[in-house]
Amino acid sequence: MDSITKTAEIVAEGEHLIGSFGAESEGPTLMVFGGIHGNETAGVRAARRVSEKLAPLEDRLHGRVFLFAGNTRALQKGVRFIDEDLNRHWTDANVTRNDLGSQLPPQFSEDREQMELLAAIVPVLSSASGEVFALDLHSTSAEGVPFATVGDTMRNRNFATKLPVTMILGIEEQLEGTLLEYLNNIGAVTMGFEGGQHYAESTVNSHESLIWLAIEAAGVIKKSDIPDADYHAQVVKKATGRPEILEIRYRHEITENDGFVMRPGYENFQPIRKGEYLADDLSGNIRASESGLILMPLYQKLGEDGFFIGRRIKPFWLWLSAVLRWMRIGDLIHLLPGVHPTDADREVLRVDTTVARFFPLQVFHLLGFRKRRWTGESLTVSRRRHDINSPFTKEG
Ligand SMILES: [Zn+2]
């Protein structure tokens, strides 16, 4: 395995914009982020390469491309983060505090990063006159097949299916405060991409090729105008294999004090059986709560996710949920017993599962809702915003 160095010496502190291309007239906007986790430099390197090659093509673009570096201070040190994970930092409270014009001094290094990123992103969003897409590039501690993480809106699904990648739905439901969740709630079409092992040269290649495919899928450039377009499609296809669609079923959350250690040898997408001995922590053996595929097993010190368990989704269920969402069946679900709206727009529902015991979470997923939390017998779900219509396009 060819490997790359562990720090991105190419990024200066606070310098988030790697490159911006295209005029602010009409057409879609694509924002690409690399290095939101500072030990994941491959995305930044890939964005640099694309930036150099895009410059001479600028007059061929219909729309705009922005390439951003994420956690610049952590990238310089080659660490995941300085004080707090920047990809868990995009909660409403943090964004409000760190938004433009806030006079409060930053508490953490990541507050500073967030302030700088908001100052870069907000003008891009407010000047958009067509659809807005966001691609967030990551890498993993273990080696494995690259894949895309997709918040389950119809618009996100449609974008991801244009790319030859395996799609994992519903990860945003398990995590709070990701950059893409913030952008998704504003109305952008979003996709995360785990491109391979942190320090592998092949990860940079996968990221670079995926950026090119995303620029085309967003409609900013024609395939015939991309240098080596077929090569980039081949790189992604070869790295990712046959595209599949999976859903997240379980997240094993960890803290620094758990003493979590993954058992060696697990790779992304490796099948596991219920009860399989996967890891250890201070309280003993950790076994699989259900059968499925193991995703993102943690083999580094820092992180809040020990591993995930996913399952393949049958095409029928995807088709059914698309039909139900287009029919807006979710508008009626509050009429069922045990389902209580908590706001006037019926965007957030509280489900008394002692009454509505026949509506498991999967039913709400089908209809375009995501889990917020379980409190005893009560399940709170909220409708995924901007599921079908874009707030950025005239038709939306
Ligand atoms: Zn990451």
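Please read all numbers here as calculations on a predicted model, not as lab measurements.

Trainee: Break down the sheet that holds strand β16 (residues 348-352) for me, citing the residues and quoting the values.
Mentor: Strand order in the open sheet formed by four strands is β15-β16-β18-β17, with antiparallel pairing between adjacent strands. Both edges of this open sheet fall to β15 (339-341) and β17 (369-375), since each of them pairs with a single strand only. Averaged over all pairs of adjacent strands, the angle between strand axes in this sheet comes to 25°, irrespective of strand direction. Inspection of the sheet shows β17 paired to strand β18 (residues 378-383) by six bridges, in the antiparallel sense. The partner of Lys371 across the bridge, within β18, is Val381.

Trainee: Give me the lowdown on unusual backbone geometry, citing residues and values where you can.
Mentor: A positive phi angle is found at Phe269, which is not glycine, with a value near 75°. You can see Phe269 is positioned in the loop between β9 (261-262) and β10 (270-272). The phi dihedral of Met296 is positive, around 50°, even though this residue is not glycine. Following the sequence through the fold, Met296 ends up in the loop between β13 (292-295) and β14 (305-312). By the C-beta count within 10 Å, which is 25 here, Met296 ends up buried.

Trainee: Summarise the sheet that holds β14; cite the residues concerned and give the values.
Mentor: Read from one edge of the open sheet, eleven strands run β1-β3-β2-β4-β7-β5-β6-β8-β14-β13-β10, paired in mixed fashion. The sheet is open, and its two edges are formed by β1 (17-21) and β10, each paired on a single side. The mean inter-strand angle of the sheet, taken between neighbouring strand axes irrespective of direction, is 30°. In this structure, β10 lies alongside β13, joined through three bridges in antiparallel fashion. Following the sheet pairing, Ile272 is matched in β13 by Gly292. Its contacts with the sheet put helix α7 (residues 201-217) on β2 (29-34), β3 (64-69), β4 (132-140) and β7 (189-197), and the angle it makes with β7 is roughly 160°.

Trainee: Please give an account of the pairing of strand β5 (residues 147-150) that cites residues and values.
Mentor: Burial of the side chains of β5 extends over both faces: Phe147 and Thr149 are buried on one face and Ala148 and Val150 on the other. Across three bridges, the pairing between β5 and β7 is antiparallel. Counterpart to Ala148 in the pairing with β7 is Phe193. Inspection of the sheet shows β5 paired to strand β6 (residues 167-169) by three bridges, in the parallel sense. From the neighbouring strand, Val150 faces β6, where its bridge partner is Leu169. Handedness of the β5-helix α5 (residues 154-160)-β6 crossover: right-handed.

How each quantity is defined
Residues numbered from 1 in each chain as written. Predicted model: local features only at pLDDT ≥ 70, side-chain atom pairs only at ≥ 80, totals over all residues. Pairing = 2+ DSSP bridges. Helix = DSSP H or I, 4+ residues; strand = E, 2+ residues; numbered from the N terminus. Axes fitted to C-alpha atoms, helices over the stretch in contact; angles between N-to-C directions. Buried ≥ 20, exposed ≤ 12 C-beta atoms within 10 Å, placed from the backbone. Contact = placed C-beta atoms within 7 Å. Right-handed = clockwise from strand over helix to strand, strands pointing away.

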